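Tertiary structure, described
So you can see what is in the structure, the chains are spelled out below.
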Amino acid sequence: MAGVVKNLAPAGAITQGQVIGALDFGTGADGNPSIWTFALCVFNSKPYLFGRHSSAGSSAPFLPFDDNGVAGFAVSDMGVLRSIIETASQPPLVYKTDGAVYASAATETGWYTDGAGNFQTKPYTATSNADTIKSILQTVAGDSSTTTTGTGTATPAKKWFQTH
């Protein structure tokens, strides 16, 4: 069964050891749920992915989720979590040599999410309704200097309809 992304982190700063999302593969061959839950930790500005499978139980610790673990997923299974999973999963020995361990301190990692599964190292800014309208008008006009106030370079209007 393909993975279903769930439990995405809410928009804002990610803290050390915060759960960033989960991949639910439904019921496994053994008849039990098969869910991978992921957490992000950052050491020396480098992201590290930690994971826990549902078979380990909710009180089990998160363990380093390395390249070998990622290789077990189809690209399509990772959905919106693909980018952060591929970025933060390190080669197996890197966790050990870097001394990376799961941290649960409530300190910010320097990574941010938009709440929709996108992650980056700078804060996301909310788009206002005025920004959205301006963007739509610019796209329709074909001119990036067109504004909602009517200033900017005049461009011919595009036909939005078909005449008979």
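From a predicted model like this one, the values you see are computed outputs, not experimental measurements.

On to the sheet that holds strand β8 (residues 119–120), then. Read across the sheet, three strands follow the order β2-β7-β8 without closing on themselves; strand pairing throughout is antiparallel. With one partner strand each, in any of the chains shown, β2 (12–15) and β8 form the two edges of the open sheet. Pairing geometry for strand β7 (residues 108–113) and β8, over two bridges, is antiparallel. Looking across to β8, one finds that Y112 is bridged to Q120.

This brings us to the pattern of salt bridges. Applying the stated criterion across every chain yields a total of three salt bridges. Ionic pairing is found between K6 and D24, a salt bridge with its closest N-O pair at 3.2 Å. Of this pair, K6 sits in strand β1 (residues 4–6) while D24 sits in strand β3 (residues 18–27); the two residues are 18 residues apart in sequence, bridging distant segments of the chain. With relative accessibility at 17%, the residue D24 sits in the buried group. K46 is paired through a salt bridge with D98; the nearest N and O atoms lie 3.3 Å apart. Placement of the pair is K46 in strand β5 (residues 46–53) and D98 in helix α4 (residues 92–98), with a sequence separation of 52 residues. Judged by its relative accessible area of 30%, K46 falls in the partly exposed class.

Another point: the nonpolar core. Counting residues in hydrophobic clusters, the biggest one holds 28 residues, and the most contacted among them are I20, L23, F38, L49 and I85. If you list the elements that add at least two residues to this core, you get β3, β4 (33–43), β5, α3 (82–88) and α4. For this core, the element with the most residues is β4, which contributes five residues. Residues in contact with F38, not counting those within four places in the same chain, are Q18, V19, I20, G21, L23, L49, F50, G51, F62, F65, F73 and I85.

Parameters at a glance
Residues numbered from 1 in each chain as written. Predicted model: local features only at pLDDT ≥ 70, side-chain atom pairs only at ≥ 80, totals over all residues. Heavy atoms only, no water. Pairing = 2+ DSSP bridges. Helix = DSSP H or I, 4+ residues; strand = E, 2+ residues; numbered from the N terminus. Salt bridge = Lys/Arg side-chain N within 4 Å of Asp/Glu carboxyl O. Buried < 20%, exposed > 50% of the residue type's maximum accessible area, 1.4 Å probe, protein only. Core = buried A, V, L, I, M, F, W, Y, C linked by side-chain atoms within 4.5 Å. Contact = heavy atoms within 4.5 Å.

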